[in-house]
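# Structure assessment
Chain residues, written in single-letter form:
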Amino acid sequence: MGCGERRLWNWMRFRGQACPRRTNKGENGVEVNKANGGGIAPSEFNGRSEIAADAPNAIEVERIVKRYGAFTAVDDISFAVKEGEIFGLLGPNGAGKSTLIRMMTTLIPITAGAVRVEGHDVARDPDAVRRTIGVIPQALTSDLDLTVEENLNIYAKLYDVPTQRRKEAIAELLETVDLTKWRGAQTKTLSGGMRRRLEIARGLVHSPKIFFLDEPTTGLDPVSRVAVWEMLTNIKARRKLTILITTHYMDEADRLCNRIAIVDHGKLVALDTPEALKASVPGSNVIEAHFESPPPDWEERLRGLPRVTSVQNESAGMFRVLTANGSGTTTDLVEMAVVAGVPLKTLTVQNTTLDDVFVHYTGRQLRDELVKAHAFTMPPRPGLQP
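All residue numbers here refer to positions counted from 1 along the written sequence of the relevant chain. With pLDDT at 70 or above as the cut-off, local features in this predicted model cover only qualifying residues; side-chain atom pairs require 80 or more to be listed or tallied, and sums for whole chains, interfaces and linings still use all residues. Only hydrogens and water are set aside; all other atoms, that is, all heavy atoms of the structure, feed into the side-chain values.

## Side note on the packing of helix α4 (residues 148-158) against helix α6 (residues 192-203)
Quick reminder of the rule: The convention used is that axes are lines fitted to C-alpha atoms, helices contributing only their stretch in contact, and that angles between N-to-C directions extend from 0 to 180 degrees. Secondary structure follows DSSP: runs of H or I at least 4 residues long count as helices, runs of E at least 2 residues long count as strands, and numbering of each begins at the N terminus. The labels follow the angle: roughly parallel below 35 degrees, roughly antiparallel above 145, roughly perpendicular from 65 to 115, and oblique for the rest. The crossing is said to be left-handed when, going from far helix to near helix, the turn is anticlockwise and less than a right angle, and right-handed when the turn is clockwise. Residues are treated as being in contact if the distance between any of their heavy atoms lies within 4.5 Å. All residues other than Ala, Val, Leu, Ile, Met, Phe, Trp, Tyr, Cys, Pro, Asp, Glu, Lys and Arg, Gly among them, are scored as polar; the first ten of these are nonpolar and the last four charged.
For the pair α4 and α6, the least separation of the axes is 9 Å and the interaxial angle reads 25°. Between α4 and α6, the angle is such that the two are roughly parallel. For the crossing formed where α4 meets α6, the hand is right-handed. Mapping the contact onto sequence places Val148, Asn151, Leu152 and Tyr155 in α4 and Leu198, Ala201 and Arg202 in α6. In the contact of α4 with α6, the residues fall into five nonpolar, one polar and one charged.

## Description of the side chain of Thr141
Note the threshold: Two N or O atoms form a polar contact when they lie within 3.5 Å of each other; inside protein one atom must be a possible hydrogen donor and the other a possible acceptor, and for residues adjacent in sequence the pair counts only when both atoms belong to side chains.
With respect to the helices, strands and loops of the structure, Thr141 is situated in the loop between β6 (133-136) and α4. A polar side-chain atom of Thr141 sits 3.0 Å from a polar atom in the side chain of Arg202.

## Some remarks on the nonpolar core
Heads up, the rule is: To qualify as a nonpolar core, a set must consist of buried Ala, Val, Leu, Ile, Met, Phe, Trp, Tyr and Cys residues joined through side-chain atoms within 4.5 Å. Using a 1.4 Å probe on the protein chains alone, a residue whose accessible area is under 20% of its type maximum counts as buried, one over 50% counts as exposed, and one in between counts as partly exposed.
Counting residues in each nonpolar core, the largest one holds 50 residues, and the members touching the most others are Ile200, Phe211, Leu213, Ile260 and Ile262. With 31 residues, the next largest nonpolar core counts Val81, Val122, Val129 and Phe212 among its residues.

## Structural notes on the packing of aromatic side chains
Put simply, the rule reads: Working definition: a ring pair exists when centres of Phe, Tyr or Trp rings (six-membered ring for Trp) sit within 6.5 Å. Plane angles under 30 degrees give stacked, over 60 give edge-to-face, the rest tilted. Remark: a charge is flagged as sitting over a ring if the NZ atom of Lys or the CZ atom of Arg is within 6 Å of the ring centre and within 35 degrees of the ring normal.
Tallying each qualifying case throughout the model produces three aromatic pairs. Ring centres of Phe79 and Phe87 lie 4.9 Å apart, and the angle between their planes is 15°; on these two criteria the pair is classed as stacked. Neither Phe79 nor Phe87 differs from the other in exposure class; each is buried. Ring geometry for Phe291 against Trp298: centres 5.3 Å apart, planes inclined by 75°, an arrangement best described as edge-to-face. Exposure class is identical for Phe291 and Trp298. Each is buried. Of note, Lys66 hangs over the ring of Tyr68, and the distance from its end group to the ring centre comes to 5.1 Å. Sitting over the face of the ring of Tyr155, Arg202 holds its NZ or CZ atom 4.4 Å from the ring centroid.

## Quick notes on helix α12 (residues 354-362)
Within α12, seven of the nine residues are buried, which leaves it mostly tucked inside the rest of the structure. Within α12, the full set of buried residues consists of Leu354, Asp356, Val357, Phe358, Val359, Tyr361 and Thr362. Here α12 starts with a cap whose side-chain oxygen sits 3.2 Å from the backbone nitrogen of Asp355, and that cap is Thr353. Among the residues trailing α12, Gly363 stands out with phi positive, at a value near 80°.

## Some remarks on the sheet that holds strand β14 (residues 344-351)
Pairing between the strands of a sheet comes from backbone hydrogen bonds, and it takes one of two forms, parallel or antiparallel. Formally: For two strands to be treated as a pair, DSSP must find no fewer than two bridges joining them.
Reading across the sheet, the four strands line up as β12-β13-β11-β14 and stay open at both edges, with antiparallel pairing between neighbours. In this open sheet, the two strands that pair with only one neighbour each are β12 (308-313) and β14. The average undirected angle you get between the axes of adjacent strands in this sheet is 15°. Where strand β11 (residues 285-291) and β14 come together, seven bridges link them in antiparallel fashion. Bridge pairing in β14 links Phe291 to Leu344. Its contacts with the sheet put helix α11 (residues 326-340) on β11, β12, β13 (318-323) and β14, and the angle it makes with β11 is roughly 20°. Seen against the sheet, α12 touches β11, β12 and β13 and runs at an angle of roughly 85° to β13.

Okay, structure coming up:
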């Protein structure tokens, strides 16, 4: 390993990426179900494929816990991921998703419980786990001063990919993520979406069986997000990957994932397919109505309408009404507004969404905001104190 590669290796370990320990080889669970026992628009995309019920488990998580002093970041979570599945961890920032994925990828120690990846125990055999997985962190971490091809090449070397196979893999991946024309471009000249595609290619350069992606489309525009979704589903089908993805985007989880685990405050609150989760929520339709200056008791009056199962006051006169009969409740709602003299500005009717599922199981809406960790302070990193 040359001096430049050694510096990059140390930098990667410092940044917390899951990389295998260098060798001299050269050549080469328990499932919890608490829910029920760019040319494509985001609303039109569906990347899910069927997974056989008897498919073996690729990942098994059993009663995993992570504590920092008195603060519990992950609290007794268990689930299993089938081979070939796209499994989603859904929750707000601060829910424990990233902590969970960092334990599963050997980046931080597990306080209690166990994780097995492709049969390898994460705590007892971390190097075997690292050679089985690819990891894409939330932050964009490719070296900005290296070219696209150089970034892929250096990572392939770190994983001991043989020279000929390395060249073939890089060419194939550049074609897959549509970056062949930019293989000689410095990474800092790429757009955000192109850099994210480079990150995904980099995570696949050693042909892993399991792919972990932490918030892969955060910060991307809608067109770039759909492009990433398409690319992931194509790569999964071509390489027969198992994918575990964390996200706080409802549409992303709904259109990509075979099953979704909802995590909130470090706990697993629901786990099932998107369809089963939505079916578990009382009310088959959602009415979003925007009223002008509604009276203080308007939420209670909406809740009293026939067939209404719940009402959410979203402030500024906007209400979200779940009902078993969308057309009937719409008629009743409009009549009530006319009689009460409350102007109705807009009204839409749609089917139950994962937003409604999240509210049903957590009691609040999923917001893209930082969640304070109850006076928890991360311990200082050894060697970095002044």
